[in-house]
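The lines below spell out each chain.
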There are 2 protein chains.
Amino acid sequence: MADESTLPRGVRALWHGPETGRRGPKPTTSVQEIAEHAIALADAEGLEAASLAAVASRLGLTTMSLYRYVDSRDDLRAVMVDVAMGPLTLTRRSWRRRLEEWAHADFAQLMAHPWILDVHDPEPPVGPNMLAWTDAGMGVLLDAGLDPQTASSSLLAVDGLARHSAQIVRQYSVSGADAAWANRLREVVDADRLPALHAVLTAGALEDEDGLETDLDVGLGLLLDGIAARLER
Amino acid sequence: MADESTLPRGVRALWHGPETGRRGPKPTTSVQEIAEHAIALADAEGLEAASLAAVASRLGLTTMSLYRYVDSRDDLRAVMVDVAMGPLTLTRRSWRRRLEEWAHADFAQLMAHPWILDVHDPEPPVGPNMLAWTDAGMGVLLDAGLDPQTASSSLLAVDGLARHSAQIVRQYSVSGADAAWANRLREVVDADRLPALHAVLTAGALEDEDGLETDLDVGLGLLLDGIAARLER
DNA sequence: GGTCATTGTGTAGGTCATAAACAGAATGTA
DNA sequence: TACATTCTGTTTATGACCTACACAATGACC
């Protein structure tokens, strides 16, 4: 068989759909279905809960049968991320509005599926949805008039901001809820050794729930202003 | 014994140093030493290689003995991150220069120890070095005249940018080196379905090594401009 | 009707984190 | 000095995880 594809089995299936006209028994499930169950597990109990064994058991299959659909755990995770991010549609407004939409949609997906932040493929994602997101973001910035290199760097900054904001919100909501983290900090932060941090803490900047949710918008505002300035140059 | 600390054993040891005047046998090693060996393993072969068993074996100890120094694997990882980030010293120049220093130092540490990006504590870091970094960054922005809330959001944006840039550089250098990733993309990116991405790819924006290294500076420029504009307001 | 690629399964091995119980060492106290 | 206490490192054991391999059943194609 002439298999020159360098894509792992799972991700390849996301692009090409179920292969047709094959011999042997019909598959009883699909990469999409596997991904959905894995996502449900990860949403409920974190990425570690979406083990091959757990996913297979949810589907009424054995662990090993999943390897007929996915090359490895990493492949499964790449598939999960691509499916969880889903498709993206932007309106047709100004570049600034569209980039805000892009960032907010990114952030929203990360908040809906926080375990995405725990998936660290050593290679860049190549699933259809992930590339569609990249394409959409690049499209906005190229339309705005940026050169490809700057557009790429700028989109990277926006994505980095969205991801890091989601990460921080998650950390503070997990640990802020029962105030364990606040106690830890008080155990250790002292006004002499860490004056600036102490000042920010007493100002309550980190404990304000709404404050956390606007981190993204503040940072986004800074970035968009910077991009606008570069466009006028 | 009155142990009211909420900090895990390993991180607490980073703050207080080795406890003195204790009974029982002298410890044969220390949290710092453990961290150094774990870091060496992670630097060489990735975070997964720094398992408790591997670290213990490097020290000539059994796996279980590490639990005398560290509460859990997560605790060990928090310690590793804090030690690997190390201390930070900033010069005394303008806020803009100092924030650039902060971001470049952050980025440099992440490039030296890329596995830091793979560590996802569910709670925010509370080690001495991590908090010193935060304090230093906050200090720059507060000195510049930002209010605590905006300072916090801005530092978060800078950190997010540095981390995401490091992540991207790592992904592209791992996969770009043998061009496997480029082949995967060509297998799938088509000028009709993903026009903007196709344009950026043919412009070579993603393959240029120097381009990757300046992503941080481009994004940083955008953010600093945005902060400067906010200060003049 | 036979060939054979493909599917799900059973087995088995290796790694990992971590709990529990124990023997020895160093300190403090009587 | 003798004993009690407390901390050390170890041994042993458990359960979860990923995955390589061999096998039997399936069904499309020649």
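Cut-offs used in this document
Residues numbered from 1 in each chain as written. Chains lettered and ligands numbered in written order. Predicted model: local features only at pLDDT ≥ 70, side-chain atom pairs only at ≥ 80, totals over all residues. Heavy atoms only, no water. Helix = DSSP H or I, 4+ residues; strand = E, 2+ residues; numbered from the N terminus. Buried < 20%, exposed > 50% of the residue type's maximum accessible area, 1.4 Å probe, protein only. Contact = heavy atoms within 4.5 Å. Areas by Shrake-Rupley, 256 points an atom, 1.4 Å probe, with all protein chains shown as cover. Lys, Arg positive; Asp, Glu negative; His and termini not counted. Charge placed at Lys NZ, Arg CZ, Asp CG, Glu CD. Near = heavy atom within 4 Å. Polar contact = N/O pair within 3.5 Å; in protein donor to acceptor, adjacent residues only side chain to side chain. Nonpolar A, V, L, I, M, F, W, Y, C, P; charged D, E, K, R; others polar. Domains from an automatic or database assignment. Buried area = accessible area lost by both parts, 1.4 Å probe. Salt bridge = Lys/Arg side-chain N within 4 Å of Asp/Glu carboxyl O. Phe/Tyr/Trp six-rings, centres within 6.5 Å; stacked < 30°, edge-to-face > 60°. 1 Å grid on protein atoms, 1.4 Å probe; cavity = no way out; pocket = protein on both sides within 12 Å on 5 of 7 lines; lining within 4 Å. Points joined across faces, edges and corners; volume = space filled by probe spheres on them. Least-squares fit on C-alpha atoms with pLDDT ≥ 70 in both. Core = buried A, V, L, I, M, F, W, Y, C linked by side-chain atoms within 4.5 Å. Axes fitted to C-alpha atoms, helices over the stretch in contact; angles between N-to-C directions. Parallel < 35°, antiparallel > 145°, perpendicular 65-115°, else oblique. Left-handed = near helix turned anticlockwise from the far one by under 90°.

Looking at the overall build of chain A
Along chain A, the regular secondary structure elements total ten helices and zero strands. Going residue by residue from the N terminus, the α and β elements of chain A occur as α-α-α-α-α-α-α-α-α-α. Expressed as a percentage of its 233 residues, the buried residues of chain A come to 52%. For chain A, the proportion of contacts with a sequence separation of at least 24, taken over those separated by at least 6, is 71%. Carbon and sulfur atoms make up 51% of the accessible area of chain A, which amounts to about 11100 Å² in all. Placing the 21 positive and 35 negative side-chain charges of chain A at their respective mean positions leaves the two points 6 Å apart.

Let's talk about the protein's contact with DNA strand C
Taken together, 25 residues lie around DNA strand C, and P25, T28, R68 and Y69 of chain A together with R73 of chain B are the ones closest in. Within 4 Å of the protein, the contacting atoms of DNA strand C are drawn from sugar and phosphate to the extent of 57%. In the environment of DNA strand C, a phosphate oxygen lies 3.1 Å from a nitrogen or oxygen atom belonging to the backbone of T62 of chain A. R68 of chain A places a polar side-chain atom, nitrogen or oxygen, 2.5 Å from a base oxygen of DNA strand C. Here the surface near DNA strand C is composed, by residue class, of ten nonpolar, eight polar and seven charged.

Some words on the domain arrangement of chain A
Residues and elements named next belong to chain A. Each assigned domain of chain A is listed with its residue range as follows: domain 1 (9-83) and domain 2 (88-232). Placing a centre on the C-alpha atoms of domain 1 and another on those of domain 2 gives a separation of 29 Å. Of the residues lining the interface, 13 residues belong to domain 1; the matching set on domain 2 comes to 13 residues. Note on domain 1 versus domain 2: buried area summed over both sides is about 1200 Å², and carbon and sulfur give 70% of it.

What about the protein's contact with DNA strand D?
Among the 25 residues in the neighbourhood of DNA strand D, the closest are listed as P25, T28, T62, R68 and Y69 of chain B. For DNA strand D, the backbone portion of the atoms within 4 Å of the protein, that is sugar and phosphate, comes to 58%. A distance of 3.5 Å separates a sugar or linking oxygen of DNA strand D from a polar atom in the backbone of G24 of chain A. For the surface near DNA strand D, the class distribution of residues is ten nonpolar, eight polar and seven charged.

Some remarks on the interface of chain A and chain B
Across the contact, 72 residues belong to chain A and 72 residues belong to chain B. For the pair chain A and chain B, the summed buried surface comes to about 6200 Å²; carbon and sulfur atoms form 65% of the total. The interface formed by chain A and chain B contains one salt bridge. Linking chain A with chain B are 18 residue pairs in polar contact (both at pLDDT 80 or more), by the criterion used here. At the level of elements, α6 (128-144), α7 (148-177), α8 (180-188), α9 (195-202) and α10 (209-232) of chain A are the ones that each hand at least two residues to the side of chain A that touches chain B. Among the elements that line the side of chain A that touches chain B, the one with the most residues is α7 of chain A, at 20 residues. Of the residues in the side of chain A that touches chain B, the class split is 37 nonpolar, 20 polar and 15 charged.

Points about the packing of aromatic side chains
All names here are of chain B. In this structure the tally under the stated criterion is two aromatic pairs over all chains. Aromatic pair W102 and W133: ring centres 5.8 Å apart, planes at 75°, arrangement edge-to-face. With W102 in helix α5 (residues 95-112) and W133 in helix α6 (residues 128-144), this pair connects stretches of sequence that are 31 residues apart. The same class applies to W102 and to W133, which are both buried.

Side note on the layout of surface pockets
Considering only enclosed or pocket space, the second largest pocket measures out at about 1200 Å³ in volume. Forming the boundary of the second largest pocket are 38 residues, of which D118 of chain A together with L47, E48, R77 and D118 of chain B lie nearest the centre. Across the lining of the second largest pocket, the residue classes break down as 16 nonpolar, six polar and 16 charged.

Some words on the relation of the copies chain A and chain B
Superposing chain A onto chain B takes a rotation of 180° plus a shift of 0.0 Å along the axis, which leaves an RMSD of 0.1 Å. The operation mapping one copy onto its partner corresponds to a two-fold rotation axis. A shared binding surface is used by both copies, with 100% of the interface residues of chain A retained as interface residues in chain B.

Comments concerning the side chain of Q167 of chain A
Within the element layout of this structure, Q167 of chain A appears in helix α7. Q167 of chain A has contacts with L117 of chain A together with H120 and D121 of chain B, leaving out every residue within four places of it along the chain.

Focus on the pattern of salt bridges
Residue and element names in this part refer to chain B. Tallied over the full model, the rule gives 15 salt bridges over all chains. Between E101 and R93 there is a salt bridge whose closest N-O contact spans 3.1 Å. Look at E101 and you get buried, because its relative accessible area is 17%. Among the ionic pairs, D190 bridges to R193, the shortest N-O distance being 3.2 Å. The class for R193 is exposed, based on a relative accessible area of 54%.

Brief notes about the nonpolar core
Within the largest apolar cluster, 145 residues are counted, with the highest numbers of intra-cluster contacts made by M80, L99 and W115 of chain A together with M80, L99 and W115 of chain B. If near-sequence neighbours (up to four positions away) are discounted, M80 of chain B is found in contact with A38, I39, A42, L47, A50 and W115 of chain B.

So, the environment of W102 of chain B
All names here are of chain B. With a relative accessible area of 4%, W102 lands in the buried category. When the C-alpha atoms of W102 and E123 are compared, they prove to be 23 Å apart, with 21 residues separating the residues in sequence. Leaving out residues up to four positions away in the same chain, W102 has contacts with L88, L90, W133, A136, G137, L155, V158 and D159.

So, the packing of α5 of chain B against α6 of chain B
Residues and elements named next belong to chain B. One can describe the packing of α5 onto α6 by two numbers: an axis separation of 9 Å at closest approach and a directional angle of 160°. Considered as vectors, α5 and α6 are oriented roughly antiparallel to each other. The handedness of the crossing between α5 and α6 is left-handed. The residues of α6 that touch α5, namely those facing W95, R98, L99, W102, A105, D106 and Q109, are W133, A136, G137, V140, L141, D143 and A144. The residue inventory of the contact of α5 with α6, partitioned by class, reads nine nonpolar, two polar and three charged.

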